[in-house]
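Chain and residue survey
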Amino acid sequence: MKKIILSGGGTGGHIYPAVAVAEALKRRFGDDVDLLFVGAEGKMEMEKVPALGYRIVGLPIAGLQRRLDWHNLLVPFKVLKSIRMAKRVIRDFGADAVVGFGGYASAPVLWAAQRMGVPTVIQEQNSYAGVTNKILGKRAKRICTAYEGMERFFPADRIVLTGNPLRGRFSKEGADRAEALEYYGLMSSLPTILVVGGSLGTRSLNEMMKQWILDTGGTAPVQVIWQTGKYYEREMRAFLAEHPAAHVWQGAFIDRMDYAYAAADVVVSRSGAGTVSELCLVAKPVVFVPSPNVAEDHQTKNARALEARGAAVVIPDAESRTEAMKRATELLKDPAGLAAMSRNLESLAKPHAAEDIVNELVNVME
């Protein structure tokens, strides 16, 4: 029986890669693997992971607030307590290996495991490694990365380019386009732009859509699948009621991402690690508008890495309101350019990332 701890969280970008690897471990070993997740108390993993049928333990770890905040004074005490708890969890569970996927919780678990002689694997999702992973990478047995050139951050002999593990089945063949268009009530005679800003939504992309609808009078020769996010849903519905737009599907969530990608000719999106990996798998030309509100500006670095390979266009957040939809509609007029971008995206796809990470885990346990 193999016993493996998976740790990470705080955002879906850390949680779902861990779940994708857990699913790959279950496919490989069935009942011969015992899995335990470790997360941070009060973070979304404490709800999402049990809902998917996995056990999870929460640590009291917290990160430093960027602004001056008295809660920062408690952080060192929470770190020490979390390390003590992590050691106890590793010992009581009898872990054979620990995999860290980023986020607050992974740091104390990886740190404790490394000092207890338990093999550790780090999965770095971004093209620019976070501070925690850079420190912990020195003692990790493997660092599984999604981008080339990560020798800047980690020991070269322990880096394996696996890609980011994803849940669900994304591929260039994907869902049937006619079915997808029907699902969203769209027409086959018009090109389609998918605007997606994450589950909570993105102010910049929503303001961009509002500006575009006002500029075009709601009658542009394209159709749009517009995911507003839960946070902005009411406001954007009210805007559309006041400024009706032809051929625009609007919703807080996209339940069928496979259909959204199948319908789309061009995507306008943030550039989080999971989104970038999905777009490589579905090979959909993309205009990235990186979020400026993330640690170490890693979304810009992710997007620029694809742009350098001719696989994306990047528009800075500050310019997105007027420039992003304009650029997306320009791309639609260049079929050869779209085809080249699609080929370049496809060349970067890593469809077997979860299985490849499982292979590395098996190697470090032997």
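The following refers to the structure shown. All values reported here derive from a predicted model rather than from experimental measurement.

Observations concerning the pattern of salt bridges
Going through the model one piece at a time under the given rule, you end up with 19 salt bridges. One salt bridge connects aspartate 34 with arginine 55, and the closest N-O pair in it is separated by 2.6 Å. Highlighted residues: aspartate 34 in strand β2 (residues 33-40) and arginine 55 in the loop between α2 (45-51) and β3 (56-59), separated in sequence by 21 residues. Here arginine 55 falls in the partly exposed class, since its relative accessible area comes to 45%. Between glutamate 330 and arginine 327 there is a salt bridge, and its shortest N-O distance comes to 3.5 Å. Here glutamate 330 and its partner arginine 327 are both found in helix α12 (residues 320-332), 3 residues apart, which amounts to about one turn of the helix.

Some points on the sheet that holds strand β12 (residues 286-288)
Sheet architecture is open: 6 strands sit in the order β10-β9-β8-β11-β12-β13, paired in parallel fashion. Either end of the sheet is taken by a strand with one partner, and the two such strands are β10 (248-251) and β13 (313-314). Taken together, the 4 bridges between strand β8 (residues 192-196) and strand β11 (residues 266-269) define a ladder with parallel strand orientation. In the sheet register, valine 196 faces β11, and the bridge partner there is serine 269.

Focus on the packing of aromatic side chains
Tallied over the entire structure, the rule returns 7 aromatic pairs. On the basis of an interplanar angle of 50° and a centroid distance of 5.2 Å, the ring pair of phenylalanine 37 and tyrosine 54 is categorised as tilted. You can see phenylalanine 37 sitting in strand β2 and its partner tyrosine 54 sitting in the loop between α2 and β3, a full 17 residues away along the chain. Summarising the burial analysis for this pair, phenylalanine 37 and tyrosine 54 share the class buried. Geometrically, the ring pair formed by tyrosine 184 and tryptophan 249 is edge-to-face, given 4.9 Å between the ring centres and 80° between the ring planes. Pair noted here: tyrosine 184 is in the loop between α6 (177-183) and β8 and tryptophan 249 is in strand β10, with a separation of 65 residues, a long-range link. Taken together, the ring pairs connect Tyr183, Tyr184, Trp249 and Tyr259 into an aromatic cluster. The cationic tip of lysine 3 hangs over the ring face of phenylalanine 93; the distance from NZ or CZ to the ring centre is 4.7 Å. Sitting over the ring of tyrosine 259, arginine 256 keeps its end group 3.9 Å from the ring centre.

Brief notes about the pairing of strand β5 (residues 120-124)
The buried fraction of β5 amounts to 5 of the 5 residues, a majority that puts the element mostly inside the structure. Here β5 shows no split at all, with Thr120, Ile122 and Glu124 on one side and Val121 and Gln123 on the other all buried. Strand direction decides the pairing type here: strand β4 (residues 97-100) and β5, joined by 3 bridges, are parallel. When the bridges of β5 are listed, glycine 100 appears paired with isoleucine 122. Assessed by its sense of winding, the connection that carries the chain from β4 through helix α4 (residues 106-115) to β5 is right-handed. The pairing of β5 with strand β6 (residues 142-145) spans 4 bridges and is classified as parallel. If you follow isoleucine 122 over to β6, its bridge partner there is isoleucine 143. Taken together, β5, helix α5 (residues 131-136) and β6 constitute a β-α-β crossover, and its handedness is right-handed.

Conventions adopted
- Residues numbered from 1 in each chain as written.
- Predicted model: local features only at pLDDT ≥ 70, side-chain atom pairs only at ≥ 80, totals over all residues.
- Heavy atoms only, no water.
- Salt bridge = Lys/Arg side-chain N within 4 Å of Asp/Glu carboxyl O.
- Helix = DSSP H or I, 4+ residues; strand = E, 2+ residues; numbered from the N terminus.
- Buried < 20%, exposed > 50% of the residue type's maximum accessible area, 1.4 Å probe, protein only.
- Pairing = 2+ DSSP bridges.
- Phe/Tyr/Trp six-rings, centres within 6.5 Å; stacked < 30°, edge-to-face > 60°.
- Lys NZ or Arg CZ within 6 Å of the ring centre and 35° of its normal.
- Right-handed = clockwise from strand over helix to strand, strands pointing away.

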